[in-house]
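Topology and contacts: notes
Here is what each chain is made of, one letter per residue.
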Amino acid sequence: MGKTADLTTVQKMTIDTLKKEGKTQKVIAKEVGCSQSSVSKHINREAKGRKRCGRKECTSKRDKRALERIVKQNRFKNVGEIHKEWTVAGVSASRSTTHRRMQDMGFSCRIPRVKPLLNKRQRQKRLAWAQDKKDWTAAEWSKVMFSDESKFCISFGNQGPRVWRKTGEAQNPRCLKSSVKFPQSVMVWGAMSSAAVGPLCFLRSRVNAAVYQEVLEHFMLPAADQFYGGDDFIFQHDLAPAHSAKSTSTWFKDHGIPLLDWPANSPDLNPIENLWGIVKRKMRDARPNNAEELKATIKATWALITPEECNRLVDSMPRRIAAAIQAKGAATKY
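Residues numbered from 1 in each chain as written. Predicted model: local features only at pLDDT ≥ 70, side-chain atom pairs only at ≥ 80, totals over all residues. Heavy atoms only, no water.

The next point concerns a positive patch on the surface. Residues Lys 61, Arg 62, Arg 65 and Arg 69 make up a contiguous surface patch of positive charge. With respect to the helices and strands, Arg 65 occurs in helix 4 (residues 61-73). (Patch = residues over 30% accessible without salt bridge, like charges linked within 9 Å, V, L, I, M, F, W, Y side chains within 5 Å. Areas by Shrake-Rupley, 256 points an atom, 1.4 Å probe, with all protein chains shown as cover. Salt bridge = Lys/Arg side-chain N within 4 Å of Asp/Glu carboxyl O. Lys, Arg positive; Asp, Glu negative; His and termini not counted. Charge placed at Lys NZ, Arg CZ, Asp CG, Glu CD. Helix = DSSP H or I, 4+ residues; strand = E, 2+ residues; numbered from the N terminus.)

What follows is the structure, encoded as structure tokens:
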């Protein structure tokens, strides 16, 4: 390291501090971890008030402000589109310069977080629900059986468009991608408690009330016996049409199973959503060639879920509720 330009900002600040303390250049070089000539050049440069040599930037502060406005108008543009728009605004710069200026501003190209799109009424209901459940203990949540459907695809790695954002902007609404419920695909039904996961059900047809009640009869009830034996429990599911149908409500009343009231469009409040994420991450390296191989992979991975993982997810419910209250009903990071 023989050039002053090679010194980092931290090293330069350390050199300045040690110099003020009266340390010699040899001692400073040893403590900073650079050559003595680098220390000497930095000290002489600072003493003479000389600025760093090199080509002057081709963009002004005004140009940079214009670039930042362009990026913030639409975070999902690629560098080429941003460069074209910046050039149209009268700035003479190359595509690589555009990219460097964006990085200098702190923008990085990242995969956007996905959150459900909530309207004002839904946020209000979520907030009211969270405030009603804020005093529930971990023991009370352990009596809840969480359930959900999830989509599994043979194709992996399609992550969609990327977004330009700065550090700390991951939850910025302009940097989020809205999720859409009920995509047209084969779904997998599953359930979990704080102690374990239940059996999986692969849904072969569109889920209507009749199909869903078959799932409850042949998969949910055995899971309840596995989780709770003869003890009481509360069942949770979302407000999908098959779940909220009158015949389904009647089925639960006939079986004497209480339901947990649940706010609409709130996957972030359901710990089983995180469980699906764990399963999918564990399947990243799997490459099933057909639907049967995919099912076998899902079953094998689901069986690897430990009681500790289930307990940790259910124990997170008080934190999820606190986050929902703090966000005034808006979607949270979970």
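Scanning the model with the defined rule gives 13 salt bridges in all. Linking Lys 166 and Glu 68 is a salt bridge whose minimum nitrogen-to-oxygen distance equals 2.7 Å. A residue pair is termed long-range when its members are at least 10 positions apart, and Lys 166 in the loop between strand 4 (163-165) and strand 5 (177-179) and Glu 68 in helix 4 qualify at 98 residues. You can call Lys 166 partly exposed: its relative accessible area is 21%. When salt bridges with common partners are traced through the structure, they connect Glu 21, Lys 23 and Glu 31 into a single cluster. (Buried < 20%, exposed > 50% of the residue type's maximum accessible area, 1.4 Å probe, protein only.)

Another aspect to go through is the packing of aromatic side chains. In total, this model carries ten aromatic pairs according to the counting rule given. On the basis of an interplanar angle of 85° and a centroid distance of 5.1 Å, the ring pair of Trp 251 and Phe 252 is categorised as edge-to-face. For the pair Trp 251 and Phe 252, a shared accessibility class is recorded, and that class is buried. Taken together through their ring pairs, the aromatic side chains of Trp 129, Trp 136, Trp 141, Phe 146 and Trp 262 make up a single cluster. (Phe/Tyr/Trp six-rings, centres within 6.5 Å; stacked < 30°, edge-to-face > 60°.)

In the numbering adopted here, UniProt assigns the feature "domain: Transposase Tc1-like" (unreviewed entry) to residues 64-132. The straight-line gap between the two end C-alpha atoms of residues 64-132 is 48 Å; of that span, 62% is helix and 9% is strand. (UniProt positions renumbered as here; feature names shortened; annotations may be inferred.)

Here the focus is the pairing of strand 6 (residues 187-192). For strand 6, the buried fraction is high: six of the six residues fall into the buried class. What you see with strand 6 is no split at all: Met 187, Trp 189 and Ala 191 on one side and Val 188, Gly 190 and Met 192 on the other are buried throughout. Looking at chain direction, strand 3 (residues 144-151) and strand 6 are connected through six bridges and run antiparallel. The partner of Ser 147 across the bridge, within strand 6, is Ala 191. Across two bridges, the pairing between strand 6 and strand 7 (residues 201-202) is antiparallel. Each residue of the ladder has a partner; that of Trp 189, found in strand 7, is Cys 201. (Pairing = 2+ DSSP bridges.)

A few words now on the sheet that holds strand 3. Taken together, four strands build an open sheet; the order of strands is 7-6-3-8 and the sheet is mixed. Among the strands making up the open sheet, the edge pair consists of strand 7 and strand 8 (234-236).

Here we come to the nonpolar core. In this structure, Trp 129, Trp 141, Phe 146, Phe 152, Met 192, Leu 275 and Ile 298 are the most contacted members of the largest nonpolar core, which totals 30 residues. Sorting the residues of this core by element identifies helix 7 (120-133), strand 3, strand 6, helix 12 (271-282), helix 13 (291-302), helix 14 (307-314) and helix 15 (317-326) as the ones contributing at least two each. By residue number, the principal contributor to this core is helix 12, which donates five residues. In this structure, Trp 189, Val 215, Ala 223 and Phe 233 belong to the second largest nonpolar core, which totals 20 residues. (Core = buried A, V, L, I, M, F, W, Y, C linked by side-chain atoms within 4.5 Å.)

A separate point is unusual backbone geometry. The phi torsion of most residues other than glycine is negative, and most of the peptide bonds are trans. Look at Asn 265: it is not a glycine, yet its phi comes out positive at around 55°. For Asn 265, the position within the fold is in the loop between helix 11 (246-255) and helix 12. Judged by relative accessible area, which is 15%, Asn 265 ranks as buried. Positive phi outside glycine occurs at Lys 328, with the angle close to 60°. Mapped onto the secondary structure, Lys 328 falls in the segment after helix 15.

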